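Observations on the model geometry
Below are the chains, spelled out letter by letter.
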Amino acid sequence: MLGKQTYSHISYKQQLQYISSTNEDDLLIIFSYTGCYFDYPDISTLKNKLKKPQIWLISSKQESYPDFIDHVITFDSKRDQNSHPYQLQFIASLIAQEYARRI
C-alpha cells in the first residue's frame with residue numbers, strides 16, 4: 001500500500017541472499033515465532049558478515065536473544081498451532097499501521 005514490502009513468501013535461500021546484501025541503511029524485521037531464526041547454521045555463519053543493518057525481531061517471549069539484535073518486540077504465546085499465524089499477522093498489521101501513520 002505504501003510502496004514497502006511488508007509480507008513475503010520467499011525461499012530460505014533468497015532470504016540468505018537478501019540478508020547478505022544489507023547495509024547500515026537497511027532495517028530487517030524478522031518474524032520468528034520461536035525466536036530461533038538466527039540459530040540455523042546458515043544464518044549463524046552469515047550474521048558475522050552482516051553490514052550492520054538494524055535488526056528487529058518479532059517473537060514470543062524467551063529468556064535471551066542474540067546481542068546483534070537491535071530491538072525485540074515480544075508477545076505472550078501459548079505456542080500452539082492455532083494461534084501462531086494470527087499473533088504474527090497482528091503484529092505485522094500494527095507495524096504497517098504505525099508506519100502509515102508516520103508517513
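Coordinates for the structure precede this section.
These lines cover the structure that appears in this document, whether it is placed above or below. For clarity, every value in this text was computed on a predicted model and none was experimentally measured.

1. Things to note about the overall build of the protein chain
Broken down by element type, the protein chain carries three helices and three strands. Reading the secondary structure of the protein chain in the N-to-C direction produces α-β-α-β-β-α. In the protein chain, which comprises 103 residues, the proportion classed as buried is 25%. Put simply, 59% of the contacts in the protein chain that link residues at least 6 apart link residues at least 24 apart. If you sum the accessible surface of the protein chain, you get close to 7,500 Å²; carbon and sulfur atoms cover 52% of it.

2. A look at the environment of Tyr18
Position of Tyr18 among the secondary structure elements: in helix H1 (residues 12-20). Residue classification places Tyr18 among the partly exposed residues on the basis of a relative accessible area of 44%. Once the C-alpha coordinates of Tyr18 and Leu28 are considered, the two residues, 10 residues apart in sequence, prove to be 9.9 Å apart.

3. Some words on the side chain of Ser32
Tracing the backbone through its elements, the reader meets Ser32 in the loop between strand S1 (27-31) and helix H2 (41-46). A residue is classified by how much of its surface remains accessible, and Ser32, at 7% relative accessible area, is buried. Reaching out from Ser32, the side chain makes a polar contact with the backbone nitrogen of Gly35 at a distance of 3.0 Å.

4. Side note on a nonpolar patch on the surface
A contiguous nonpolar patch, built from Leu27, Ile29, Phe31 and Trp56 and spanning about 310 Å² of accessible area, is present on the exposed surface. With three residues, S1 is the largest single contributor of residues to the nonpolar patch. Secondary-structure assignment places Ile29 in strand S1. Under the relative-accessibility criterion, Ile29 is labelled partly exposed at 31%.

Rules of the game
Residues numbered from 1 in each chain as written. Predicted model: local features only at pLDDT ≥ 70, side-chain atom pairs only at ≥ 80, totals over all residues. Heavy atoms only, no water. Helix = DSSP H or I, 4+ residues; strand = E, 2+ residues; numbered from the N terminus. Buried < 20%, exposed > 50% of the residue type's maximum accessible area, 1.4 Å probe, protein only. Contact = heavy atoms within 4.5 Å. Areas by Shrake-Rupley, 256 points an atom, 1.4 Å probe, with all protein chains shown as cover. Polar contact = N/O pair within 3.5 Å; in protein donor to acceptor, adjacent residues only side chain to side chain. Patch = residues over 30% accessible without salt bridge, like charges linked within 9 Å, V, L, I, M, F, W, Y side chains within 5 Å. Salt bridge = Lys/Arg side-chain N within 4 Å of Asp/Glu carboxyl O.

Purely geometric numbers; function is a separate question.
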